[in-house]
Amino acid sequence: MYFVALRMLSADKAKYLGLVFAIAFSTFLLENQTSIFAGIMKRTANRILDVTDAEVWVMDPATQYFDETKALKDTDLLRVRAVPGVAWAVRLLKDLPVARTASGRFNQAIVIGLDDATLTGAPRRMLLGSWDRLREPNSIIIDEAGFRLLFPSTPLRTGDTLELNDRRATIVGISDAAAPFTNFPIMHARYSEAREFRGRERSQLSFVLARPQPGISPNDLANRISSTTGLRARSSLDFAWDCIRYYMANTGIPVNFGITIAIAIIVGLVVSGQTFYLFTVENLRQFAALKAIGVTNPTLARMVLLQAAVAGFSGFAIGTGMAALFFETFSRQLATRGIILLWQNAAGVAALMALVVLAAAALSLRKVLQLEPAAVFRS
Amino acid sequence: MNPPAVHCHQIHRHFGNGDTRVHVLRGIDFTAASGQITFLAGPSGCGKTTLISVIAGLLQPSSGSVSLFGRDLASMPPDDAVRLRRKDIGFVFQQYHLIPALSVAENVAVPLLAASMKRRDALEQASAILDKLGLGDRLHQPPARLSGGQQQRVALARALVHQPRLVICDEPTAALDHETGHRVMELLAASAVHPDRAVLVVSHDNRIFHFADAIAHMDDGIITHIDHPNATTTA
Ligand SMILES: Nc1ncnc2c1ncn2[C@@H]1O[C@H](COP(=O)(O)OP(=O)(O)O)[C@@H](O)[C@H]1O
Ligand SMILES: [Mg+2]
């Protein structure tokens, strides 16, 4: 009887397409919005996630997230190094000087100052040049998006110079640093030089990056550092989540996306649910005839569920295809780089759409199961 | 001696409660024998459809008993009643009730498919009976492309394809013009009648009464008298 169910489903092309597209569009909208949301939120943690060689971040207890830091004292570095279990610990400076080009373009930039000796935290994915050229005097590495922002219509290249608070620096490499939350260029320099870009203010130590000795987990080490030094110490992953949570709690972004997502859910539920329900109601006479002919309720239930499953699956597949195409296109663009369709989002949306379709099927099914087969004689 | 295909004893059926209560069947005793066409005749609203719904097990009587082929419907487990309907009863409805999304042959195959027969075998048997009913060239068309008379012949094929022991037709010619209805009745008489099968036809069209072996006349919920038209003409 299953092919009968499928034929009934696809018989009214307009209604079938309407049903499939209602599901497809809510799938697309949900996957799109949840993925963009996740991508934007991840950007707030990208500076931390980009540093793969350290596992623990140490900061002033007042520092809650990466973008706003209270300076540590230079002696704090030594205190961290003295904590048992620390394999090594190095300094990291974060600063926001204004970068100016010779042609007069300017933009605020994120400058990361790396430990002079080890260059810990240097970008590992280079598009041009090499990170160890940072050892050259007055050198910086800039990310591609930053380069394109400051040098529009110039092909990617090294050798150009920038002024950072009136100090000249030469670009020795173009990195593929993950996108920041803002559109600021990301520059890497040696700590000693980055300090100079600050201008008037005194030198500041933003973070100490540490790595545990073998056999000690980053979380354990972070706890030890906090309890011994009184500083805030977090494993990289915890600190990344701290940043994400900070932006979730303190910006309107979650509310904004939440509203869109809620509307997508409601519209998806109402439109696809109602279309499917109407479809069943319109076919009620046919179901009554099948019932009179002796098709059992369990078989009818399976027919309705099959119809719902096929419509739901087709819609989900089309919607996910559209979302994949969307992100395939936009993740290649500089402004939206790194924002991808996460399988977690697709799986979540799949579960949600399955619920929507099941609810619609359940409503329709009630109608079919309660149907008086004798109704078939009434015209 | 075989029990009659259909036997009804003192069937009552009412609908509604209190002021809106209507007593539609008021004590029906009725028998239909295998090998015969039995008509159920009477004015519109007298309870014919209600009675065949009760006979087919689609509607519970308020009181009284129905037995089909000697088995009491009321004492049968619900699953058995559905199985009996699937296996032993064929239906022809006034409005055909074909499934528009299926081809003619697929529509006819539905009772076989409902009984879990393989699709290919079911379609083969459906095609064979459609051939017999003169629709062999319409197998793959959708029912909507057929005339009313042809659609009713498809419905007739669907009612017969699983060789049921009882065929129930509710006003099978009411939606057709006289000539077409007459042809459908001729086909019904020629193909449905079988020594092991009872055919029950509801109609108030006296122009087709001559197809009947017996006519039960109903009025206001009771059977008033029974005619045997062919017996009288041959006597
Ligand atoms: N489900 C029902 N609820 C209420 N009244 C009904 C129902 N079914 C039939 N009736 C009533 O029973 C009477 C007989 O109906 P029916 O059996 O369809 O008559 P016929 O088929 O002889 O025209 C009508 O008055 C009809 O309104
Ligand atoms: Mg009637």
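What this report covers is the structure whose coordinates are included nearby. Bear in mind that the values here come from a model prediction, so they are computed numbers and not experimental data. (Residues numbered from 1 in each chain as written. Chains lettered and ligands numbered in written order. Predicted model: local features only at pLDDT ≥ 70, side-chain atom pairs only at ≥ 80, totals over all residues. Heavy atoms only, no water.)

On to the pattern of salt bridges. Residues and elements named next belong to chain A. Scanning all chains against the criterion turns up 25 salt bridges over all chains. Of the charged contacts, one joins Arg124 and Asp53 as a salt bridge, the two residues approaching to 2.3 Å between their closest N and O atoms. Linking Arg124 in the loop between strand 5 (110-114) and strand 6 (126-129) with Asp53 in the loop between helix 3 (46-49) and strand 1 (56-59), this pair joins segments that are 71 residues apart in sequence. Of the residues examined, Arg124 reaches a relative accessible area of 37% and is grouped as partly exposed. Overlapping salt bridges, with partners in common, bring together Arg47, Asp50, Arg125 and Asp176 in one network. (Salt bridge = Lys/Arg side-chain N within 4 Å of Asp/Glu carboxyl O. Helix = DSSP H or I, 4+ residues; strand = E, 2+ residues; numbered from the N terminus. Buried < 20%, exposed > 50% of the residue type's maximum accessible area, 1.4 Å probe, protein only.)

Within the structure, ligand 1 sits among A:Arg378, B:Phe15, B:Val24, B:Pro43, B:Ser44, B:Gly45, B:Cys46, B:Gly47, B:Lys48, B:Thr49 and B:Thr50. Chains contributing residues near ligand 1 are chains A and B. Contact distances for ligand 1 include 2.7 Å between an oxygen atom and a side-chain N or O atom of B:Thr49. The side chain of B:Thr50 places a nitrogen or oxygen atom 2.5 Å from an oxygen atom of ligand 1. In isolation ligand 1 offers 560 Å² of accessible surface; the protein chains occlude 62% of this area. (Near = heavy atom within 4 Å. Polar contact = N/O pair within 3.5 Å; in protein donor to acceptor, adjacent residues only side chain to side chain. Areas by Shrake-Rupley, 256 points an atom, 1.4 Å probe, with all protein chains shown as cover.)

What follows concerns the nonpolar core. Grouped together as the largest cluster of nonpolar side chains are 157 residues, with contacts concentrated most on A:Trp57, B:Phe30, B:Phe39, B:Ile55, B:Leu68 and B:Leu166. Looking at which domains feed residues into this core, each of domain 1 (2-43 + 252-377) and domain 2 (73-230) of chain A supplies at least three. Formed by 36 residues, the second largest nonpolar core is a distinct cluster that contains A:Leu93, A:Leu205, A:Ala210 and A:Ala222. (Core = buried A, V, L, I, M, F, W, Y, C linked by side-chain atoms within 4.5 Å. Domains from an automatic or database assignment.)

Residue and element names in this part refer to chain A. Checked against the element boundaries, Thr229 lands in helix 7 (residues 218-229). Judged by relative accessible area, which is 8%, Thr229 ranks as buried. In this structure Thr229 touches Arg79, Val80 and Val83, once residues within four positions along its chain are discounted. (Contact = heavy atoms within 4.5 Å.)

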